[in-house]
Amino acid sequence: MKLQLKDISLRVGAETHLYALDLELVPGTINVLLGPTQAGKTTLMRVIAGLDRPTEGRVLVDGKDVTGVSVRDRNLAMVYQQFVNYPAMSVFDNIAAPLRLQRRPDAEVKQRVTEMAEKLHISHLLQRLPGALSGGQQQRCALARALVKKAPLVLLDEPLVNLDYKLREELRAELASLFADGATTVVYATTEPQEALLLGGQTVVMDAGRILQTGPTLDTYSKPISIRSAAIFNDPPMNVLPGRMEDGHTVRLDDGPVLRIGGPALALAKGQPCKVGIRCHHVALKPGTAQVNSLDCTVDLSELSGSETYVHLRVGGAGLVAQVPGVHSVAIDAKVQAWVDPQELFIFDADGALLRAPGEASHGTH
C-alpha cells in the first residue's frame, strides 16, 4: 500500500504536537520513526492509524483521502509498548480474535494461528492464559494477534522497550525476518539508533514534533543533515567541537589544537566558524604517538559498558568521548593522546547544517 501524509499538523489547545510535515512511507519495507521521548512519534502513528485527526492536512492511502475514516474502517494492525492481551482467553483465542471478527472459517483460523505461533515460537503456549506467560511471551502473543490479520500496514510503537536485552535482540531479528517478503508496510517507532540500524529499511528522524530527515537508514546515519539529526542518530552522542577554518583542509579548534580534514578543500574563508563532528568509535587512544590529528588530552572519567570502555577526555576546554573496544582501566587525570582519522570527520557550519560527511565532497560555500 502507498501511504502519504500531506501538510499534516496537530495542535491541542495552545500546544503544537506536530508541526506541518509531509511524509511518504516506502511500501513493503520497515519505516523507522527515530527520535527521543516526546519527539512526536506516537502522535504521528496515531494520526496514521486514524486514532487522532490532524488539525490540518490529509492522510492518503493509495491516493484516497482517509483523514476522517475511523480506525475500525482501516485495514491496519497496531502494537503498543504496553502489550495488551485478553486475560480470560487462551493464547490461541487471543491470536484468533481478529480473524473471528472477520468471520473467517474455523479451518483457516486454526491454520493461520498455528503458522503465526510457529513463526514467533509460542506454539507450545497456545492453550495457556496470558497471566501464565512471561513478559516476552505475552509480547509475542500481542504481536501474533496483530500480524495474523495480514494487514498491509502494521504500526509498532516501541513494541520491545519493556523487554530485557536478550528478548529484544531475539524479537528484533524475528520481526525483520517476518517482514522480509515485502508484503507489508511497517512503521516502527524507537528511541534507539542501534535498533534503527539493525532493522534497516527507511528511517525518519524526528524531534519536538518535526521531521528532521528521511531516507534509507544507512544513508541517513552516514550523512546526517544537521548536528541535531546526528545527535539523535548516535549512541553515545557524536562529539561536536567548535572551531574556525584555518584553510580548506584544516580547522583550528576553539581551544587551540588544529585538525586536518580529509577530502577536497572546503570552500570556507579563513576564520569562518564551523563545528567538527567525530563519532565516539572514531576516537582512538594512541599514547605517545606523534602524528597528524593527535590531541593531548586529560582523562575526566572512564566507564565500562559491556565489552567496551567509554573514556571521557578533556582537550583544552572541550569534552571528547572515546569508545574503546575491550575493558580498560584508565586513571582519572591521566594524560593521554587521542587520535582522529582526517577521513572520518563531519564538518557542520556555525548553525549546525552539514557541510561535509566523511567520504564526500563539500556541500557548497556558506
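Residues numbered from 1 in each chain as written. Predicted model: local features only at pLDDT ≥ 70, side-chain atom pairs only at ≥ 80, totals over all residues. Heavy atoms only, no water.

Engineer: How would you summarise the overall build of the chain if you had to cite specific residues and measurements?
Structural biologist: On a plain count of helices and strands, the chain comes out with eight helices and 21 strands. Judged by the C-alpha coordinates and their principal axes, the chain covers about 75 × 45 × 40 Å. The buried share among the 366 residues of the chain stands at 48%. Long-range pairs, those at least 24 residues apart, make up 66% of the contacts in the chain between residues at least 6 apart in sequence. As displayed, the chain has an accessible area near 17,100 Å², and 50% of this comes from carbon and sulfur atoms. Averaging the locations of the 37 positively and 40 negatively charged side chains of the chain gives two centres separated by 5 Å. (Helix = DSSP H or I, 4+ residues; strand = E, 2+ residues; numbered from the N terminus. Buried < 20%, exposed > 50% of the residue type's maximum accessible area, 1.4 Å probe, protein only. Contact = heavy atoms within 4.5 Å. Areas by Shrake-Rupley, 256 points an atom, 1.4 Å probe, with all protein chains shown as cover. Lys, Arg positive; Asp, Glu negative; His and termini not counted. Charge placed at Lys NZ, Arg CZ, Asp CG, Glu CD.)

Engineer: Lay out the UniProt feature "domain: ABC transporter" (unreviewed entry) in the chain with the relevant residues and their values.
Structural biologist: Listed under "domain: ABC transporter" (unreviewed entry) in the UniProt record, and renumbered for this structure, are residues 3-233. Counting secondary structure, residues 3-233 comes out at 35% helix and 26% strand; the distance between its end C-alpha atoms is 24 Å. (UniProt positions renumbered as here; feature names shortened; annotations may be inferred.)

Engineer: I'd like a description of helix α1 (residues 41-49), backed by residues and values.
Structural biologist: In terms of residue burial, α1 counts as a mostly covered element, since seven of its nine residues are buried. Once α1 ends, the next one or two residues include Gly50, with phi positive near 95°.

Engineer: Break down the sheet that holds strand β16 (residues 294-305) for me, citing the residues and quoting the values.
Structural biologist: In space, the five strands of this open sheet follow the order β15-β19-β16-β17-β18, with antiparallel pairing throughout. Two strands in the sheet have a free side with no partner beyond their single neighbour: β15 (283-285) and β18 (318-325). In this sheet, adjacent strand axes meet at a mean angle of 45° when their direction is disregarded. Where β16 meets strand β17 (residues 308-315), seven bridges bridge the pair, whose relative direction is antiparallel. Looking across to β17, one finds that Ser302 is bridged to Val311. (Pairing = 2+ DSSP bridges. Axes fitted to C-alpha atoms, helices over the stretch in contact; angles between N-to-C directions.)

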